[in-house]
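So you can see what is in the structure, the chains are spelled out below.
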Amino acid sequence: MGYQDNYNRAWADPEGFWGEAAQAADWFSPWTSVLDREASPGGRWFTGATTNVCHNALDRHVAAGRGDQVALIYDSAMTGTVETFTYAALTEQVAKLAGALAALGVGQGDRVLVYMPMIPEAAMAMLACARLGAVHSVVFGGFAATELKTRIEDAQPKVILSASCGLEPGRVIAYKPLLDAALAMSVHKPARCVIVQRPQLEAALDPARDDDWATAVATAAPVPCVPVEATDPLYILYTSGTTGVPKGVVRDSGGYMVALLWSLKNLYGLAPGEVMFTASDVGWVVGHSYIVYGPLLYGATTVLYEGKPVGTPDAGAFWRIIQQHSVKILFTAPTAFRAIKRDDPTGALMADYDLSGFRALFLAGERCDPDTLHWAQDRVKVPVVDHWWQTETGWPVAANCLGLEALPIKSGSPTKAVPGWKVEVLSAEGQPMAAGEIGVLAIKLPLPPGALPTLWENDAGFRKSYLVDYPGYYKTGDAGFIDEDGYIFVMSRIDDIINVAGHRLSTGGMEEVLAGHPDVAECAVIGVADDLKGQVPLGLLVLKSGVTRPASEIEKEAVALVRDKIGPVAAFKTALVVSRLPKTRSGKILRGTMQKIADSQDYKVPATIDDPTSLEDITERLRLAGYAVPGETG
Ligand code: COA
Ligand code: AMP
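Parameters and conventions
- Residues numbered from 1 in each chain as written.
- Chains lettered and ligands numbered in written order.
- Predicted model: local features only at pLDDT ≥ 70, side-chain atom pairs only at ≥ 80, totals over all residues.
- Heavy atoms only, no water.
- Salt bridge = Lys/Arg side-chain N within 4 Å of Asp/Glu carboxyl O.
- Buried < 20%, exposed > 50% of the residue type's maximum accessible area, 1.4 Å probe, protein only.
- Near = heavy atom within 4 Å.
- Polar contact = N/O pair within 3.5 Å; in protein donor to acceptor, adjacent residues only side chain to side chain.
- Areas by Shrake-Rupley, 256 points an atom, 1.4 Å probe, with all protein chains shown as cover.
- Helix = DSSP H or I, 4+ residues; strand = E, 2+ residues; numbered from the N terminus.
- Nonpolar A, V, L, I, M, F, W, Y, C, P; charged D, E, K, R; others polar.
- Domains from an automatic or database assignment.
- Pairing = 2+ DSSP bridges.
- Axes fitted to C-alpha atoms, helices over the stretch in contact; angles between N-to-C directions.
- Contact = heavy atoms within 4.5 Å.

A. Highlighting the pattern of salt bridges. A full pass over the atoms with the stated rule returns 35 salt bridges. Notably, a salt bridge pairs Arg-209 with Asp-210, separated by 2.9 Å at the nearest N-O pair. The same class applies to Arg-209 as to Asp-210, namely buried. The partner of Arg-342 in a salt bridge is Asp-343, with the nearest N and O atoms 3.0 Å apart. Overlapping salt bridges, with partners in common, bring together Lys-176, Asp-180, Arg-209 and Asp-210 in one network.

B. Quick peek at the site of ligand 1. Inspection of the region around ligand 1 gives 23 residues, with Glu-168, Arg-171, Pro-309, Arg-563 and Lys-573 positioned closest. Here an oxygen atom of ligand 1 and a side-chain polar atom of Lys-533 are 3.0 Å apart. For ligand 1, the accessible surface in isolation is 930 Å², of which the surrounding protein chains cover 84%. Going through the elements one at a time, β10 (171-174) and α12 (334-343) are the ones with two or more residues in the shell around ligand 1. Broken down by class, the residue content of the shell around ligand 1 amounts to 11 nonpolar, six polar and six charged. Counting contributing residues per domain, the shell around ligand 1 is built from domain 1 (3-307 + 387-480) and domain 2 (501-624), each supplying no fewer than three.

C. A look at the sheet that holds strand β4 (residues 70-76). Strand order across the open sheet formed by seven strands is β5-β4-β17-β16-β18-β19-β20, with mixed pairing between neighbours. Every interior strand has two partners, whereas the edge strands, β5 (81-86) and β20 (384-386), have only one. Across the sheet, the mean angle separating the axes of adjacent strands is 20° when strand polarity is ignored. In terms of strand pairing, strand β16 (residues 275-278) meets strand β17 (residues 301-306) through three bridges, oriented parallel. If you follow Val-275 over to β17, its bridge partner there is Thr-301. The strands touched by helix α5 (residues 120-132) within the sheet are β4, β5 and β17, with β4 carrying the most contacts at an inclination of about 140°. Packing of α12 onto the sheet brings it into contact with β18 (327-332) and β19 (360-363), and relative to β18 it is tilted by some 100°.

As structure tokens, this is what we get:
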């Protein structure tokens with residue numbers, strides 16, 4: 001069966017389609033229903049079944065004779081080391097770590113927060129939680145203490161797993177002080193923190209609260225996998241919403257496992273035993289699905305890379321890894337390729353490596369601009385697949401499913417909806433749009449396995465954010481169109497989320513931080529186009545009357561404040577003091593218009609503008625700050 005047959009069947013007979021796909025996993029007891037459409041608005045998958053994701057990712061492969069196969073390759077460009085773990089070794093370590101967690105009182109349903117750099121212990125932490133039926137929540141290392149505190153308070157972890165430091169080019173990031181600061185602010189306190197001591201910077205441990213990871217694991221007894229319901233949560237992953245309060249996306253166990261297993265074979269076209277290299281971070285959904293769970297569930301080998309696409313040591317880093325570890329599939333964000341293209345415009349460094357085994361490059365996390373797509377296509381000489389998904393969906397919604405059938409590529413499009421996902425374009429009023437017309441990208445319910453069933457302890461928030469605006473659909477928050485051939489084009493967000501180097505950030509969250517500066521009366525943050533990162537945030541500040549300090553001083557403080565409260569990942573480097581912000585007569589700040597001006601695009605003066613001269617002021621301010629502002633066409 002090719003793509004279309006699979007697509008049709010998955011929609012017409014989801015029970016049959018996914019019931020068959022589920023045969024690829026081990027279950028401790030069978031389901032009573034493949035899809036229970038009544039269980040929640042989006043449907044629940046494999047209700048009544050019991051399983052364990054860690055068993056499926058590790059133990060069953062050992063039992064099936066894969067024990068000596070490499071499961072995980074830790075390649076650290078930051079330390080110049082490579083370490084491999086076979087399935088047998090990884091299972092043993094994870095079983096002991098789970099034993100250490102159990103000894104600290106962690107049991108089924110308890111939360112464990114993981115705040116770690118890209119080291120193998122991060123993957124072990126996730127798998128050990130899965131082994132116990134505990135719910136992990138990984139927080140990306142580039143977030144600041146305040147963001148960490150918000151997540152600790154929401155997830156209420158019994159234990160926190162962390163490391164003494166992370167390694168970024170040119171600097172060592174001390175994680176422990178960030179964790180200590182977050183815990184000092186947090187109302188919720190975990191029972192214990194278990195810390196990996198890295199030789200680059202050891203952390204001071206507080207015996208009343210902290211344990212040394214190596215000692216805890218060395219003295220622990222291994223524990224077996226705990227059977228959990230397929231519908232039990234495997235993890236919570238926080239992602240940016242439209243305010244400073246992140247959304248706790250919940251992932252179930254059984255449906256997710258089935259979706260990932262299906263995708264490895266049919267979408268990525270990988271075979272068990274082959275090597276997948278996903279250059280992302282375990283703090284993002286891409287890392288959860290395709291660094292840790294997907295490849296291991298499938299019996300493949302995963303590369304966990306601590307380093308950057310460029311500068312560690314050069315733009316040949318990915319090519320080295322592909323050759324050295326016999327990588328078949330590389331998955332990263334377009335921004336990584338923009339960085340490689342910037343540093344090695346002709347791709348000359350590729351000539352130093354044997355890439356003959358490399359089969360396909362997958363890109364996601366942000367819109368793939370045609371320039372980057374063509375540059376990659378011309379050089380890697382393997383299919384370059386842009387695919388579209390979100391933290392919420394857990395796995396790709398639109399892609400060229402190479403394992404089923406390679407469809408022709410149209411630049412600017414992540415190809416067609418993946419089997420299981422019925423994507424439609426709706427008007428603001430919920431009416432279907434014609435082919436080629438831009439509207440809101442919505443997905444008809446039920447969602448396939450793997451998609452979020454809810455937000456953590458917030459069913460009402462789940463319905464409000466995703467389900468109420470378009471009854472019968474999941475609202476993606478993305479706008480775009482579908483052409484007459486069924487190709488999906490994702491154009492922009494309909495909310496305040498921006499995408500910075502493949503990282504999803506809320507401008508509303510940054511505005512909340514800036515509004516906390518004592519001299520700021522009001523502010524707006526917009527995403528401005530950037531050659532490397534796709535978008536970067538720009539803050540516009542109106543000062544309180546009577547403030548006489550130099551604007552440049554306040555701008556610097558604003559930049560430092562966002563870094564301190566949200567973290568370096570926000571890449572918030574520019575704040576500009578302006579005399580006023582353009583608004584509609586009802587007081588809505590014209591962020592979209594300002595963004596067009598900063599991006600040097602033509603714009604129309606909105607009919608509802610309160611005072612058209614406010615746009616002239618902003619244009620002049622941006623021009624003075626070095627932005628190439630456009631001519632006004634309206
Ligand atoms: N811990 C602490 N700090 C971190 C961090 C971590 N885990 N990850 C990033 N940071 C810091 C960086 O050091 C940087 O700090 P700086 O402002 O002092 O320079 C800041 O956060 C921004 O990081 P990043 O967005 O990674 O920018 P960069 O300039 O360091 O690198 C790229 C740019 C394009 C090379 C990089 O973004 C990249 O490799 N992207 C690949 C794609 C990817 O990972 N996408 C994720 C979703 S698929
Ligand atoms: P995240 O939840 O961090 O994975 O970010 C999801 C968002 O990133 C989506 O809603 C899109 O806005 C954007 N995105 C991800 N992949 C793509 C893609 N292939 N094309 C366009 N936008 C994308």
